[in-house]
Amino acid sequence: MTPPTDILDYRTQSPEVSARFSKLKERPVVLSVKNLTKIFPSQNGDVTALNSIDFEVYRREFMCVIGPSGCGKSTLIRILAGLESETSGAVLLDGNPVAGPGPDRGMVFQSYTLFPWLTVKQNVLFGPKMAGQKGATVESEARQWIEMVGLSKFENSYPHQLSGGMKQRVAIARALANRPRILLMDEPFGALDAQTRCQMQSYLLKIWKNLDITILFITHDLDEATYLSDRILVLKANPGEVDEIIEVPVPRPRTVDQFVSPEFIATKHRIDELIHPKNKGGDDELHFPRMTKEGDDVE
Amino acid sequence: MSGSLKKAREPWFAVRRELSPQRSSVLTIVSFALPLLIWAAVSYLPFLWHPDVQLQLSANRADVSTVYVAGDRVSKSYFPEFQEAVRSQNEDLKKQLSSDDPLAGASESSVRRANKKVLRHLVPLLIQNKWIKDDQATDDEAIYHAWGELASSSRRLKSPSLSEENLAIVEDNWKAMSAIAPNYVSDNFVSTPLLSLIPQGKTSNPDYLPAPDQVLAAGVKVFSIPADGDRPSMVQRIGHSLQIVFGGFCLAALVGVPIGVVCGTYPFFSRLVEPFTDFFRYMPAPTFSTLLVAIFLANDAPKIALVFVGTFFQLVLVTANTTRRLDMPLLEAAQTLGASQRQLLTRVVVPGILPNLYDDLRILLGWAWTWLVIAELVGVKSGLTEFIETQGRFRNFDMVFPIIILIGLIGFFTDQILSLIKGLVFPYTEDGTKAASHPILKAVLFIPRLVLRLLTNRSASGTT
Ligand SMILES: Nc1ncnc2c1ncn2[C@@H]1O[C@H](COP(=O)(O)OP(=O)(O)OP(=O)(O)O)[C@@H](O)[C@H]1O
Ligand SMILES: [Mg+2]
């Protein structure tokens, strides 16, 4: 992808944009990751999945994590959720170190993880029930969450009666019903078709805007990252390290029309540069035998 | 134009392509009809197999000690030899009768006794033709009368009929008999030797393959025998067998499922329990039978224990594996939602594995069935197996087949019913959606559902 030459570098920010990000950084830090390293021991040598990762997420920020496949995105989010333990370093939530999974960090997985034996409402009530909450107020709150993701009609349906997008919406409602400090999402829309994914992104932005919630969102889709994020954490592979933290200059509220705005394209181009550095060479790098006859080309 | 849009015919054979419901039902019926058809063909078409001859009429051979009676089977190759031997015996007798010493030195009383036997050789034919009743097999007066009727051609045996050859012998004998007395008189009975009837028979299968109609008739008979003394009726026997299968199986499930779930959940218990269980299940359960009798003494306890031993170890391992197959992400999701270790077990693992566990138990119930016969042979024989054993020893295989088929049917229908109601027990599985629209279930559940709806409506209107 060659960028239009007249496009501005996303780093030459307008005064409004810089003002926005300095305001963001004045907010309290919800999640801070300090010098995080993860080494998987294995028979043929240890695999360093993450190498001294450092970053902070501010309150009500929407941050995306992007990087080439195998760079450790899932490993990172699983450590944050407490499902995996770090080799060294620390994860602080509101300044307190986290140990093990807990309801203060909600998680939405790429695979569908609704409990098949519970209805939509029972799924949403799962977290509160584990905390020993029950009664009419908890029930009506659960209904509100379901209404928020637009599934009121399905509150008594079982997961196998829902489409993929609906399942992920329930998963989001279920995670939010616990009132977590931060919502961790590992490619939650990865399995959905393009149209549904686009819808889900708008949904998520709406929910995020109306709630006091911080979101850390993993994706490998440049559009998705640019459309959703305040800032984008770009990781590089082998070992997984922070490459750059991009401050997205696209103003909010975001709309689909902005996909062709110069800021949007510039941001996408920058990410592309970071995660596919070799692709700059163009066609010369392809060593692929011609399988069609000369003169049979479409042009 | 529309002619070219003709729908392509679905092929009957396509790799992993589902057949239409109609075709599936047709094939299901054929799958049962085909074996039945083969059985009937082999039974009723003599040219297919029929290696034996079943005697309708037997005879005594003086030169052989083996005695065949009507109903016995002899091989096709032996039968002509048998007939030939009796014929030449008759030839010798004729020579002897025309000689100086027609009795050949035998006493008159012994010849009379032998003659009465010849007379009675006709009995099976007479009974089958309903000339005399079952209990008249030793009623010599009636038999004598029948001989007279046959000889004078006033009546004919129809099915089975008497061969021309034998009819001639009957006439010959009757001349000698009627010369002494027209009716049977025990003391005034012919004392010159009578000719022997030549064996008659029809081709048949060996006795271990009775024909469908015989099995059906035997089945009806078997079920109509009432209980008497210490001989239970067939229904009581079935009840007893069910008690042993389900007793052993339920005990195994009651103990085995919790152990299996714990093993599948905690690697600690898996390491502690499973290696030994894995070893133990290779020891065949029947080898424990004498031991079990020593421990549990008589009656049903050792039998139930044998079914238990045969199912339990398998059940623990299968349950543990099913538990381990539970989606890891479900457990992780539950943890991020704040579930404690104990809650993971009770709120996620247990409900999560139930549908698969249900299927496992269905399969293991099938296993338990296979132990039934061995279990019922332990200690004092009992139940259906005792009946099979007894009848089998007398070679009454037509009585054995209904019981074997019955055991199969009970097992088969139990499994079918369990699989049908799975959808009701677990409405959230794929089977659940299927079950909701199943015509049989709809019909069965109509009344309970109606009652349920009425009840919920009333309580709803009661609260508002
Ligand atoms: N349990 C594990 N044991 C050993 N190595 C692991 C384990 N989990 C992950 N890894 C390694 O860590 C690295 C990062 O994996 P991870 O799944 O976090 O990548 P990812 O960025 O999420 O990739 P993708 O975009 O394909 O999802 C990979 O090289 C992987 O092989
Ligand atoms: Mg991943």
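Residues numbered from 1 in each chain as written. Chains lettered and ligands numbered in written order. Predicted model: local features only at pLDDT ≥ 70, side-chain atom pairs only at ≥ 80, totals over all residues. Heavy atoms only, no water.

J.: For this particular structure, what's the right way to read the packing of aromatic side chains?
T.: Each aromatic ring pair is specified by the distance between its two centres and by the angle formed by the two planes. Tallied over the full model, the rule gives 29 aromatic pairs over all chains. When the ring centre of A:Y203 is taken as origin, the NZ or CZ atom of A:K206, which lies over that ring, is 5.9 Å away. Positioned over the ring face of B:W131 is B:R155, at 4.3 Å from the centre of the ring. (Phe/Tyr/Trp six-rings, centres within 6.5 Å; stacked < 30°, edge-to-face > 60°. Lys NZ or Arg CZ within 6 Å of the ring centre and 35° of its normal.)

J.: Can you help me understand the site of ligand 1 in this one?
T.: Residues and elements named next belong to chain A. Taken together, the residues surrounding ligand 1 are F40, A49, S69, G70, C71, G72, K73, S74, T75 and E187. Contacts to ligand 1 include G70, whose backbone N or O atom sits 2.9 Å from an oxygen atom. Take S74: an N or O atom from its side chain is 2.7 Å from an oxygen atom of ligand 1. The protein chains hide 58% of the 630 Å² of surface that ligand 1 would expose on its own. With 3 residues, helix α2 (residues 73-81) is the largest single contributor of residues to the shell around ligand 1. Looking at the shell around ligand 1, its residues break down into 3 nonpolar, 5 polar and 2 charged. (Near = heavy atom within 4 Å. Polar contact = N/O pair within 3.5 Å; in protein donor to acceptor, adjacent residues only side chain to side chain. Areas by Shrake-Rupley, 256 points an atom, 1.4 Å probe, with all protein chains shown as cover. Helix = DSSP H or I, 4+ residues; strand = E, 2+ residues; numbered from the N terminus. Nonpolar A, V, L, I, M, F, W, Y, C, P; charged D, E, K, R; others polar.)

J.: What is the right way to read the nonpolar core from this model?
T.: Counting residues in hydrophobic clusters, the biggest one holds 62 residues, and the most contacted among them are A:F115, A:F126, B:V348 and B:I403. Within the residue set of this core, elements represented by two or more residues are α3 (120-130) of chain A together with α7 (212-224), α8 (234-265), α11 (301-324), α12 (328-336), α13 (341-377), α14 (383-393) and α15 (397-425) of chain B. No other element matches the 14 residues that α13(B) contributes to this core. Leaving out residues up to four positions away in the same chain, A:F126 has contacts with A:F115, A:L118, B:A334, B:L337, B:A339, B:R347 and B:V348. Counting residues in each nonpolar core, the second largest holds 49 residues, with A:V120, A:V138, A:A142 and A:L162 among its members. (Core = buried A, V, L, I, M, F, W, Y, C linked by side-chain atoms within 4.5 Å. Buried < 20%, exposed > 50% of the residue type's maximum accessible area, 1.4 Å probe, protein only. Contact = heavy atoms within 4.5 Å.)

J.: Before we go on, may I ask you to explain the packing of α8(B) against α15(B) in this structure?
T.: Helix-helix packing: each pair is described by the crossing angle between the helix axes and the interaxial distance. Residue and element names in this part refer to chain B. Following both chains from N to C, one finds α8 and α15 inclined at 50°, their axes separated by 12 Å at the closest point. One element, α8, and the other, α15, form an angle in the oblique class. α8 and α15 meet at a crossing whose hand is right-handed. The residues of α15 that touch α8, namely those facing M234, I238, L242 and F246, are I403, L406, I410 and T414. Taken together, the residues that form the contact of α8 with α15 break down as 7 nonpolar, 1 polar and no charged. (Axes fitted to C-alpha atoms, helices over the stretch in contact; angles between N-to-C directions. Parallel < 35°, antiparallel > 145°, perpendicular 65-115°, else oblique. Left-handed = near helix turned anticlockwise from the far one by under 90°.)

J.: Mind showing me how you'd approach the pattern of salt bridges here?
T.: It is possible for side chains of opposite charge to pair when their charged atoms get near one another. All told, the structure shown has 32 salt bridges over all chains when counted by the stated rule. Note that A:K121 is salt-bridged to A:E139, the shortest N-O span being 3.3 Å. Remark: A:E139 occurs in helix α4 (residues 136-148) and A:K121 occurs in helix α3; sequence separation between them is 18 residues. The residue B:R87 makes a salt bridge to B:E165 at a minimum N-O spacing of 2.4 Å. (Salt bridge = Lys/Arg side-chain N within 4 Å of Asp/Glu carboxyl O.)

J.: Quick question: what am I supposed to make of α13(B) here?
T.: Compared with the 54 Å implied by 1.5 Å per residue over 37 residues, the 47 Å span of α13(B) between its first and last C-alpha is markedly short. Looking at the residues trailing α13(B), positive phi occurs at B:G379, about 65°. (Expected span 1.5 Å × (residues − 1).)

J.: What is the right way to look at unusual backbone geometry in this model?
T.: Note: most residues except glycine have negative phi, and most peptide bonds are trans. Residues and elements named next belong to chain A. For the peptide bond that leads from N238 to P239, omega is -10°, which places it in the cis range. Within the secondary structure, P239 sits in the loop between β9 (231-236) and β10 (241-247). For the bond from R252 to P253, the omega torsion is -5°, close enough to zero to count as cis. Within the fold, P253 resides in the loop between β10 and α8 (262-275).

J.: Mind showing me how you'd approach the packing of α3(A) against α4(A) here?
T.: All names here are of chain A. Between α3 and α4, whose axes approach to 9 Å, the crossing angle comes to 120°. Put simply, α3 runs oblique to α4. Note that α3 runs across α4; the crossing there is right-handed. Residues V120, K121, V124, L125 and P128 of α3 touch α4, and the partners they reach there are V138, E139, A142, R143, W145 and I146. When the residues that make up the contact of α3 with α4 are grouped by side-chain class, the tally is 8 nonpolar, no polar and 3 charged.

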